[in-house]
Amino acid sequence: MDIRTLQYFLAVAREESISGAAEFLHMTQPPLSRQLKELETELGKQLFIRGNRKITLTEDGMILRKRAEEIVSLMEKTKTELTASGENISGDIYIGGAETEGIRPIAKIIRTMQQQYEHIRFHIFSAQAEDVAERIDNGLLDFGIFIEPADLSKYDFIKLPSTDIWGLLMRKDNPLANKPTVTPRDLFAIPLLLSDQEMVKNEISGWLGGDFNKLNIVATYNLLYNASLMVEEGVGSALCLDRIIKTTASSPLCFRPLEPKLEVGLNIVWKKYQIFPKAAAKFLEYLQKEYR
């Protein structure tokens, strides 16, 4: 199994047909079919279900697709780093993190660097902490933004100046919208949407004093935008961080902080003993100058 074979596999998975993938790859169908058959033989697994109209992935095929995408992405990232000019600082910087207003300090550094280094490009990956950590560990991300609480034992980190506040995102016609804050007692009586991250559940459980199982959680989410649409449609109210969804005067939604106040810090992290290419090293230099 080599990179080219993985690229062939990904093309078929994306196009859902041998003919479409062959056209995309500028090759004929027989050698492509042979490469895929050899890949299945090598792995001892069936990767495709070959239907009349399209090809779909088996469960093993979906596992391979995820890893193949990571491998090919890492290869391309490594190639870019090695071929970057030795004279000018250029290249790509990959940053991951959950949705948070705390990205603003990072955005300000990015803006400053853009003015100095026009050949540096930034790539932002939005996801849960677990997904971000996995990508950092696998070399697909250079930096990650973690919302506390988070396990930082494997990483070097800088604490960012921003903090986020937990509260309830709800429709403005919700009776709780008339209150300045939301208490644990308020939450027990209403349908809720909550992040599916275990650390978030633990944080909320601690704030509730161990009464987490009393909550009526009707849905979970990983990123907040889709959850906010469900709130608009009356599915429930979302426990979330402030300032992610804009609650302007024209919005049907509003946000009320929890009482007692539940505030969390933010950290930007990177792998311990990481050797960065020039672009990422320069970004870290800016971070350390600004926040240490």
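That block above? That's the structure.
In this section: the pattern of salt bridges. Under the defined criterion, the tally for this structure stands at 17 salt bridges. In this structure, Arg 67 and Glu 70 form a salt bridge, with 2.9 Å as the shortest nitrogen-oxygen distance. A residue pair is termed a helical-turn pair when its members lie 3 or 4 positions apart in one helix, as Arg 67 and Glu 70 do in helix H4 (residues 59-83) at three residues. Residue classification places Arg 67 among the partly exposed residues on the basis of a relative accessible area of 38%. Through salt bridges that share partners, Lys 66, Arg 67, Glu 70 and Glu 134 make up one connected network.

So, on to the packing of aromatic side chains. Applying the stated criterion across every chain yields a total of six aromatic pairs. Between Phe 9 and Phe 48 the ring centres are 5.4 Å apart and the planes differ by 50 degrees, which places this aromatic pair in the tilted class. You can see Phe 9 sitting in helix H1 (residues 3-15) and its partner Phe 48 sitting in strand S1 (residues 48-50), a full 39 residues away along the chain. Of the two residues, Phe 9 and Phe 48, both sit in the buried class. The cationic tip of Arg 14 hangs over the ring face of Phe 24; the distance from NZ or CZ to the ring centre is 4.5 Å. We note Lys 214 situated over the ring of Phe 188; from NZ or CZ to the ring centre the distance is 5.9 Å.

With respect to the secondary-structure elements, Asp 142 resides in the loop between helix H6 (129-137) and strand S5 (143-147). Those residues in contact with Asp 142 that sit more than four places away from it in its chain are Lys 77, Asp 92, Ile 93, Tyr 94, Val 269, Trp 270, Phe 276 and Ala 280.

As a further point, take the pairing of strand S8 (residues 216-221). In this structure, strand S7 (residues 191-195) lies alongside S8, joined through five bridges in parallel fashion. Within S8, the position partnered with Leu 192 by the bridge is Ile 217. Considered for its hand, the β-α-β crossover made up of S7, helix H8 (residues 198-208) and S8 is right-handed.

This part covers H1. Counted at 1.5 Å a residue, the expected span for H1 with its 13 residues is 18 Å, and the 18 Å between its end C-alpha atoms agrees. Along H1, the residues that are buried comprise Thr 5, Leu 6, Tyr 8, Phe 9, Leu 10, Ala 11, Val 12 and Ala 13. Glu 16, located one to two residues past H1, shows a positive phi value of around 65 degrees.

The next subject is the environment of Lys 282. Residue position: Lys 282 is located in helix H10 (residues 278-291). Taking C-alpha positions, Lys 282 is 10.0 Å from Ile 93, a pair spaced 189 residues apart along the chain. With residues up to four places along the chain from it excluded, the contact list for Lys 282 reads Ile 89, Met 113 and Tyr 117.

With that out of the way, let us pick up the packing of helix H2 (residues 18-25) against helix H3 (residues 29-43). Put simply, H2 and H3 touch, their axes get as near as 9 Å, and they point 110 degrees apart. One finds that H2 runs roughly perpendicular with respect to H3. Note on element contacts: H3 touches H2 through Gln 29, Leu 32, Ser 33 and Leu 36, opposite Ile 18, Ser 19, Ala 21, Ala 22 and Leu 25. For the contact of H2 with H3, the per-class residue count stands at six nonpolar, three polar and no charged.

Rules behind the numbers
The numbers attached to residues start from 1 for each chain and follow its sequence in the written order. Totals for whole chains, interfaces and linings use all residues, but because this is a predicted model, local features are given only for residues with pLDDT of at least 70 and pairs of side-chain atoms are given and counted only at 80 or more. Side-chain numbers come from the whole structure's heavy atoms, not from hydrogens or water. Every case where a carboxyl oxygen of Asp or Glu lies within 4 Å of a side-chain nitrogen of Lys or Arg is listed as a salt bridge. Here a helix means four or more residues in a row that DSSP labels H or I, a strand means two or more in a row labelled E, and each is numbered from the N terminus. For the exposure calls, accessible area comes from a 1.4 Å probe over protein chains only, and a residue counts as buried if that area is under 20% of its type's maximum, exposed if over 50%, partly exposed in between. For this analysis, a ring pair means two rings from Phe, Tyr or Trp (six-membered ring only for Trp) whose centres lie within 6.5 Å, classed as stacked if their planes differ by under 30 degrees, edge-to-face if by over 60, and tilted for the remaining angles. Any Lys NZ or Arg CZ found within 6 Å of a ring centre and within 35 degrees of that ring's normal is scored as a charge over the ring. Contacts are assigned to residue pairs that have any heavy atoms within 4.5 Å of one another. In this scheme, strands are said to pair when DSSP sees at least two bridges between them. Seen with its strands pointing away from the viewer, a crossover is right-handed if its path from the first strand over the helix to the second goes clockwise. The length a helix should cover is 1.5 Å for every residue beyond the first. Working convention: axes come from line fits to C-alpha atoms, limited for helices to the stretch in contact. Angles between N-to-C directions cover 0 to 180 degrees. Any angle that falls under 35 degrees is termed roughly parallel, while one over 145 is termed roughly antiparallel, one within 65 to 115 roughly perpendicular, and all others oblique. In the scheme used here, Gly and all other residues not listed as nonpolar or charged are polar, with Ala, Val, Leu, Ile, Met, Phe, Trp, Tyr, Cys and Pro taken as nonpolar and Asp, Glu, Lys and Arg as charged.

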